[in-house]
Every structure is written in C-alpha cells, then in structure tokens.
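Fold and contact review
One letter stands for each residue in the lines below.
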Amino acid sequence: MSKPLISRRAAALSGSAKVPGDKSVSHRALMFGALAVGESRVEGLLEGDDVLRTAAAMRALGAEVERLADGTWRLFGRGVGGLKEPDDVLDLGNSGTGARLMMGLVASHPFTTLFTGDASLRSRPMKRVSAPLSQMGARFFGRDGGRLPMAVVGTNNPLPITYELPVASAQVKSAILLAGLNTPGRTTVIEREATRDHTELMLRNFGAQVDVEHGEQGERIITVTGFPELTGRHVVVPADPSSAAFPAVAALITPGSEIVLKGVGMNPLRTGLYQSLSEMGADLAFENEREEGGEPVADLRVRHSALRGVDVPAERAPSMIDEYPILAVAAAFAQGTTRMFGLSELRVKESDRFAATMRGLAACGVQVEEDGDTLIVHGTGKPPMGGATIAVNLDHRIAMAFLVLGMASADPVAVDDAEAIDTSFPGFVDLMNGMGAKISKTEAVL
Ligand code: S3P
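Let us look at the structure shown here. (Residues numbered from 1 in each chain as written. Predicted model: local features only at pLDDT ≥ 70, side-chain atom pairs only at ≥ 80, totals over all residues. Heavy atoms only, no water.)

Examining the sheet that holds strand β10 (residues 162-164)
On the basis of which strands lie adjacent, the open sheet formed by four strands has the order β10-β11-β13-β12 and mixed pairing. Looking at strand neighbours, the two that pair on one side only are β10 and β12 (210-214), the edges of this open sheet. Between one strand and the next, the sheet's axes are offset by a mean angle of 15°, whatever the strand orientation. Where β12 meets strand β13 (residues 220-225), five bridges bridge the pair, whose relative direction is antiparallel. Note on β13: the bridge partner recorded for V212 is I222. In the packing of helix α6 (residues 170-181) onto the sheet, contacts are made with β10, β11 (186-191) and β13, and the angle to β11 comes to roughly 170°. Across the face of the sheet, helix α7 (residues 198-206) comes into contact with β12 and β13 while running at roughly 140° to β12. (Pairing = 2+ DSSP bridges. Helix = DSSP H or I, 4+ residues; strand = E, 2+ residues; numbered from the N terminus. Axes fitted to C-alpha atoms, helices over the stretch in contact; angles between N-to-C directions. Contact = heavy atoms within 4.5 Å.)

Okay, here's the thing in structure tokens:
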C-alpha cells in the first residue's frame, strides 16, 4: 500500500525541535557495539527502518542487542572476529550503508552470509565494495552487475591491503577498515577527497588503532591495525545534519519563519550544505556549540532569507552528498542560477537522485538543466509554481525535499509514496506540522 502525502503552502514556521539521530553514526554504533567486549549503550539512536535492520542483522550475527524502556539501546558484543554465521538471509531493506559496511565486517570471518534488500538496494552497485574485499580474500556471488541478492563467502585467512578509493565513498572506506579489524597487520585506505570520518572517530573511541596521515597531494591515508581489543562504550548520537536540512530549508523559503533545531551534528565532513546555504545568503546561526559523544554539535537557528544563486564546487560534494535534492529546492527559491558541480555519485543513491531532482523541479515549473555531472537550477527569486505529484521511487530524501518545496510554492506538491521517509526520519510529518507545515494524507494525484 503506497502512502501519498500532500504539502500545502504554510504560514511562517516557528518553534524548536530535535530531528532524529544521525543515520551514519547510528549504524556504526550498533556494529561496533556488536564487535566490542562487554556492554555498550547507545543514546539517541535513530530508530528508522535502515538502522533497525542493522540492529536485527547484528543480532543474527550473534550480538545481544536490545532497546531499553527509556529508549537507550544496550549491546553485548562478541569481540573482534567473534561474529557467528547468520542462519538466514540478512535483509537490509533500503540501506546501502547497512549492506556495504556489513559486507566488510563479514568478509574477514570464515563463514557465508547472504544479503538482500528492497528493490532500491537490489539495484545499487556493490562491486565498489566486493572488489577491494575480494583482494583481501573474500568471495562474492551476486546478480549481474554485482547486485544483491549476494552471498559473501568470508575468508579465514584475510590479507591486509592498501587500497585507493576510485570513488569518494565513506561506505567503501568503512567496509575495508571494518574487514581490516579481523585481519593481521595494517589495512590502509587512501582517499583523494575526504569523506565522513565517523568510522575512524568511533573505532578509535572503542579502542582500535586508527592512524590518519596526509599525503603530498592532500590525500588522507587511513590505516587500521588488525585484532584490536574493542571494549564496550557509551555512544551519544547527535541529531542528523542530513535530516535537519529539511526543516532548515523549509524555514529559509517560508516567509516570516524562525526555528531552532537542537543538537545538530556539526562534523565538518558533513556540513557542506550549511556552508552552501550561507553563501546563498541564508540567515543561519550556530548557537551553543559543544561536543557530545566525540562529535561537535550546535543548536541551529534558521530565519527566512532571500537567497541568491551560487556555484557549489565539486570538492564539496562528499560533505553534502545526501543534501543536493534539498539544496536544489532552496536554489529554486533563490534569485539567480545555482550550479552544482561533480554530482556523478548522485545517480547511484537510493534512486537516481540527479534525474529525480531534475524531473521533480521541472514538474513544479522550475527551469533546470543538466551539463554532464553538473545540475543547474535557475531561480527567479519568486516561489515556483508547484502543482505536481512526484514519484518517490523508494527514496526518502526525494520525498522530503519535494514536500518541503510544497510548503512555499504557489500550488501544493504531492508525493506518490512517503513510506520511505521512515528509513531515515521517522516522525518527519509530525515534526514539520508541529512547526507550522501543512502536510497531510491525500487520495488525490495532482
Ligand atoms: C554514508 C555514506 C554516503 C551517504 C550515505 C551514508 C555512510 O554514501 O550517501 O547516506 O554512513 O557512510 P557513499 O559512501 O556511497 O557516498
């Protein structure tokens, strides 16, 4: 059953709210807790479908994982190298992060793991992880094009490798580092463009030796030393900056708005969107800056702003890769042209987000262009027309981006199926409506 929603023009947004926990940090907290000896506690875990699938998978791999009455999650891990063969297929749902990181985990364990997911995940490329993990000794049997369902036959004799990432991907980097935990010697990943470093930070916090050096051309050289003793930790998950992006842009484009988003993660490798919005003239204030659980966080105050078009350089893409659909929505309300460079990775996300963003904006009356990997949005400084129904194709961020557009466009905007929003942002509609949005169920297709 699909779940269509419609978003109508809202009055000024106000109030303060905390968006759910960071998806990247949540997956890692569960995985590392499952590898650690002793008890780990995770506070503020994102209880979205993607992360709940990872919790179930870690249980299937032998860890004890439970949710306590106060919402804290408690884990008892198996120790590095101690995972057990799951007795059924691991279904990671919509989650590329869950699937790819876990392939790394099991690659250096001597058993076979079967992976599958929903139609979106089954269409996504897995060779980017199976290629380096094969060099370490694991074997992969998947569908044509290296797609799920896929069997991973782990090795009991893993080899440490040095691997330079061909694409900027924190998932691929993390998969190799996680395989390296149960591998003798030093496993090294080289990245030309820095990607989110939650794996490095959190692994260190659990007791692993992770060394980061910088090469002559500015590349990051990340090395994990095998067989660390990881011990249980208390992890506090910051609010997800990628989720905060939706109410933040909603406030920027809805006249008269002023909102505060509490405790948003401000890891510098995640904040490219906020830098780009500031360059567009957004009134953003980062208040009460502090550290929580080893990650910088701040309360983000956002006021309605007149935005102008900017160029967003390709080097910034890794630090805002999930935020282009919502940035493109902001650009549709700006005065002038916004050019977003270097977006090839956008085509292999939960859906082809490059195409979905272009199609959706065009359907809402926005002038958009594509030039290779550059997405170009021509804003007029006036609200776009809206008045379209957007096909979501199991992509949570496409659904949320266009519901935000409908909050300030001339006519309402509908999405054909909002179910996917629960993968990363459970409670999205209630949180937005609590601040003044008008998002509701609909039968009508516009
Ligand atoms: C993630 C990395 C990014 C991002 C995804 C989460 C992670 O993917 O799009 O939502 O947690 O490592 P890529 O590694 O494919 O860039």
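There's more to say after this.
Some details on the packing of aromatic side chains
Scanning the model with the defined rule gives four aromatic pairs in all. Ring centres 6.5 Å apart and planes at 90° place the aromatic pair F246 and F428 in the edge-to-face group. Separated by 182 residues along the polypeptide, F246 in helix α8 (residues 241-253) and F428 in helix α13 (residues 428-434) bring together distant segments of the chain. Note on Y274 and F286: the rings are 6.5 Å apart at their centroids and 85° apart in plane angle, and the pair reads as edge-to-face. Of the two residues, Y274 is situated in helix α9 (residues 272-279) and F286 in strand β16 (residues 283-292); the sequence distance between them amounts to twelve residues. Among the residues examined, Y274 registers a relative accessible area of 2% and is labelled buried. The structure contains a cluster of three or more aromatic residues connected by ring pairs, namely F246, F425 and F428. R347 extends its terminal NZ or CZ atom over the ring of F354, reaching a point 4.0 Å from the ring centre. (Phe/Tyr/Trp six-rings, centres within 6.5 Å; stacked < 30°, edge-to-face > 60°. Buried < 20%, exposed > 50% of the residue type's maximum accessible area, 1.4 Å probe, protein only. Lys NZ or Arg CZ within 6 Å of the ring centre and 35° of its normal.)

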